[in-house]
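In case you want the letters, here they are:
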Amino acid sequence: MQDCLCIFYDGGMREPSSEATPTEPSAEQVATQLASVVNRLLRRLRTTSADSLLTPTQRSVLARLDGEGPATTAALARAEYVRPQSMRLTLGVLESQGLVERAPDPADGRKSVMSITEVGRTTLGAVRAAKHNWLAEAIAAELDGAERRTVAEATALLDRLVGK
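Here's a quick rundown of the structure. Just so you know, these numbers come straight off a predicted model, no measurement behind them.

Cut-offs and rules
- Residues numbered from 1 in each chain as written.
- Predicted model: local features only at pLDDT ≥ 70, side-chain atom pairs only at ≥ 80, totals over all residues.
- Heavy atoms only, no water.
- Helix = DSSP H or I, 4+ residues; strand = E, 2+ residues; numbered from the N terminus.
- Buried < 20%, exposed > 50% of the residue type's maximum accessible area, 1.4 Å probe, protein only.
- Areas by Shrake-Rupley, 256 points an atom, 1.4 Å probe, with all protein chains shown as cover.
- Arc of directions from axis to C-beta.
- Pairing = 2+ DSSP bridges.
- Contact = heavy atoms within 4.5 Å.
- Axes fitted to C-alpha atoms, helices over the stretch in contact; angles between N-to-C directions.
- Core = buried A, V, L, I, M, F, W, Y, C linked by side-chain atoms within 4.5 Å.
- Patch = residues over 30% accessible without salt bridge, like charges linked within 9 Å, V, L, I, M, F, W, Y side chains within 5 Å.
- Salt bridge = Lys/Arg side-chain N within 4 Å of Asp/Glu carboxyl O.

Topic: the overall build of the chain
1) Next: Looking only at helices and strands, the chain features 6 helices and 5 strands.
2) Next: Across the chain, helices and strands are ordered from the amino to the carboxyl terminus as β-β-α-α-β-α-α-β-β-α-α.
3) Next: Counting over 164 residues, the chain shows a buried share of 23%.
4) Next: Surface accessibility of the chain: about 11700 Å² in total, with carbon and sulfur atoms responsible for 56%.

See the structure below:
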């Protein structure tokens, strides 16, 4: 009978890839686990600011206007991968709440550009602070010093990955 080294995962068993050893997971395994954890983290961060009355799309549009400056409805729709009609609805809600404002496009007076207002910046800052505070509190409560160092090292590695 031939000896077989198998890796158990998610209730199943499979032959290890040539890249993996019993102590070293394959790139595929790490990618799968990392994507799952990042998705759960993002969902959790989204729920930390549920009382802000902003949808994820509204938060994304505010963040884009804050970071990139004024933009037309069409440009925002392209950047957010939605239809211009959907973006008009989103912007209409944000405008009615005083979070964005409309001005004539200096390059084409028939168009309008949308800008974030000070109220919008304050609201966006509060949403970001809620997310940051939840994460900092969770790290402080759940991880000891060595684990925090490990997460800090992993963060640096992830930053290197996304920087490419």
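Considering helix α3 (residues 73-80)
1) Next: Among the residues of α3, Thr 73, Leu 76, Ala 77 and Glu 80 are the ones counted as buried. Each buried residue of α3 sits inside an arc of 100° when the element is viewed along its axis, so together they form one side.
2) Next: At the C-terminal side of α3, Tyr 81 shows a positive phi close to 60°.

Let's talk about the pairing of strand β5 (residues 112-116)
1) Next: Summarising burial for β5: 4 of the 5 residues are buried, a large majority.
2) Next: Judged from the 2 bridges that link them, strand β3 (residues 71-72) and β5 form a sheet pairing that is antiparallel. When the sheet's bridge partners are listed, Thr 72 is paired in β5 with Val 113.
3) Next: Pairing analysis gives 5 bridges linking strand β4 (residues 100-104) to β5, with the strands arranged antiparallel.

With respect to the sheet that holds β4
1) Next: Overall, antiparallel pairing links the 3 strands, which are arranged β3-β5-β4 in an open sheet. What marks the edges here is a single partner per strand, and that holds for β3 and β4.
2) Next: The strands touched by helix α4 (residues 84-96) within the sheet are β4 and β5, with β4 carrying the most contacts at an inclination of about 110°.

Quick look at the nonpolar core
If you look at soluble globular proteins, the nonpolar side chains tend to sit buried side by side.
1) Next: Core analysis: the largest hydrophobic core is formed by 16 residues, its most contacted members being Val 61, Leu 62, Leu 65, Leu 76, Leu 91 and Leu 94.
2) Next: Elements with a minimum of two residues in this core: α2 (56-68), α3, α4, β5 and α5 (118-142).
3) Next: Excluding anything up to four places from it in sequence, Leu 94 contacts Leu 54, Gln 58, Val 61, Leu 62, Leu 99 and Val 100.

Comments concerning unusual backbone geometry
Peptide bonds are, in most cases, trans, and in most cases residues other than glycine have a negative phi.
1) Next: The phi dihedral of Tyr 81 falls on the positive side, at around 60°, and the residue is not glycine.
2) Next: In this fold, Tyr 81 is placed in the loop between α3 and α4.
3) Next: Tyr 81 sits in the exposed class, given a relative accessible area of 76%.

Focus: a nonpolar patch on the surface
1) Next: Judged by side-chain polarity, Val 30, Leu 34, Val 38, Leu 42, Leu 158, Leu 161 and Val 162 come together as a nonpolar surface patch covering roughly 560 Å² of accessible area.
2) Next: When residues of the nonpolar patch are traced back to their parent elements, those giving at least two are α1 (27-47) and α6 (145-162).
3) Next: The biggest single contributor to the nonpolar patch is α1, with 4 residues.
4) Next: In this fold, Leu 161 is placed in helix α6.

It is worth stressing that arrangement in space is one thing and function is another; only the former is reported here.
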